[in-house]
Amino acid sequence: MNIFIDNKSGAPIYDQIYSQIKAQIIGGDLQEDESLPSIRSLAKDLRISVITTKRAYEELEKERFIYTVAGKGSFVAPKNVELLREENLKKIEGYIQEIRKLAMPCGLSLEDIIEMFRILEEDE
């Protein structure tokens, strides 16, 4: 598991850890029931507070991306298809908003954009 802490980022460190682990789970880099580093071990590797790492794990557990077994550690939770769908829908909505912003100054209509999607579909 690769995690990079950017001290120049405005994002809190726990959120950087949370976001990167979550992305690795959604992207399939971390598999269902795969063991995660212990909170202490990850904190030591990243040279950060155990409390910071614990908060990231708590957020991941709260959103059901990981689960913890007392005395054994934390593991990647089975993929919740509905949760992953919601995550992807949020991303798609963001991209659609960006497309809309780019299309407006160009004078592209909804039909123009739909036609672009159709052309891209035919190419694949």
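The present account deals with the structure reproduced in this document. This one's a predicted model, so the numbers in the text were calculated from it and none came from an experiment. (Residues numbered from 1 in each chain as written. Predicted model: local features only at pLDDT ≥ 70, side-chain atom pairs only at ≥ 80, totals over all residues. Heavy atoms only, no water.)

Regarding unusual backbone geometry
In most cases, non-glycine residues show a negative phi, while peptide bonds are predominantly trans.
Phase 1 of the analysis: A positive phi angle is found at Asp33, which is not glycine, with a value near 70°.
Phase 2 of the analysis: In this structure, Asp33 sits in the loop between helix H1 (13–26) and helix H2 (39–46).
Phase 3 of the analysis: Non-glycine residue Arg64 carries a positive phi angle of around 65°.
Phase 4 of the analysis: By secondary structure assignment, the location of Arg64 is in the loop between helix H3 (50–62) and strand S1 (66–69). (Helix = DSSP H or I, 4+ residues; strand = E, 2+ residues; numbered from the N terminus.)

Points about the packing of H1 against H3
Phase 1 of the analysis: Where H1 meets H3, the closest approach of the two axes is 8 Å, and the angle between their N-to-C directions is 45°. Regarding the angle of H1 to H3, the classification is oblique. Crossing handedness for the pair H1 and H3: right-handed. Residues Ile13, Tyr14, Ile17, Tyr18, Ile21 and Lys22 of H1 lie in contact with H3, whose contacting residues are Thr52, Thr53, Arg55, Ala56, Tyr57, Glu59 and Leu60. (Axes fitted to C-alpha atoms, helices over the stretch in contact; angles between N-to-C directions. Parallel < 35°, antiparallel > 145°, perpendicular 65-115°, else oblique. Left-handed = near helix turned anticlockwise from the far one by under 90°. Contact = heavy atoms within 4.5 Å.)

Focus: a negative patch on the surface
Phase 1 of the analysis: On the surface, Glu111, Asp112, Glu115, Glu121, Glu122, Asp123 and Glu124 cluster together to form a negatively charged patch.
Phase 2 of the analysis: Relative to the helices and strands, Asp112 resides in helix H5 (residues 110–123). (Patch = residues over 30% accessible without salt bridge, like charges linked within 9 Å, V, L, I, M, F, W, Y side chains within 5 Å. Areas by Shrake-Rupley, 256 points an atom, 1.4 Å probe, with all protein chains shown as cover. Salt bridge = Lys/Arg side-chain N within 4 Å of Asp/Glu carboxyl O. Lys, Arg positive; Asp, Glu negative; His and termini not counted. Charge placed at Lys NZ, Arg CZ, Asp CG, Glu CD.)

Some words on the environment of Glu59
Phase 1 of the analysis: Topologically, Glu59 is positioned in helix H3.
Phase 2 of the analysis: It is 41 Å that separates the C-alpha atoms of Glu59 and Asp112, two residues lying 53 residues apart in sequence.
Phase 3 of the analysis: Residues in contact with Glu59, not counting those within four places in the same chain, are Tyr14 and Tyr18.

Examining the pairing of S1
Phase 1 of the analysis: Sheet analysis places S1 next to strand S2 (residues 73–76), joined by four bridges and oriented antiparallel. Looking across to S2, one finds that Thr68 is bridged to Ser74.
Phase 2 of the analysis: Connecting S1 to the next strand, S2, in antiparallel fashion are three residues, including Gly71 with a positive phi near 80°. (Pairing = 2+ DSSP bridges.)

Brief notes about the packing of aromatic side chains
Phase 1 of the analysis: Summed over all chains, the structure comprises one aromatic pair.
Phase 2 of the analysis: On the numbers, 5.5 Å between centres and 25° between planes, the contact of Tyr67 with Phe75 is stacked.
Phase 3 of the analysis: With relative accessibility at 28%, the residue Tyr67 sits in the partly exposed group.
Phase 4 of the analysis: The positively charged end of Arg55 is found above the aromatic ring belonging to Tyr14, 3.7 Å away from the centroid. (Phe/Tyr/Trp six-rings, centres within 6.5 Å; stacked < 30°, edge-to-face > 60°. Buried < 20%, exposed > 50% of the residue type's maximum accessible area, 1.4 Å probe, protein only. Lys NZ or Arg CZ within 6 Å of the ring centre and 35° of its normal.)

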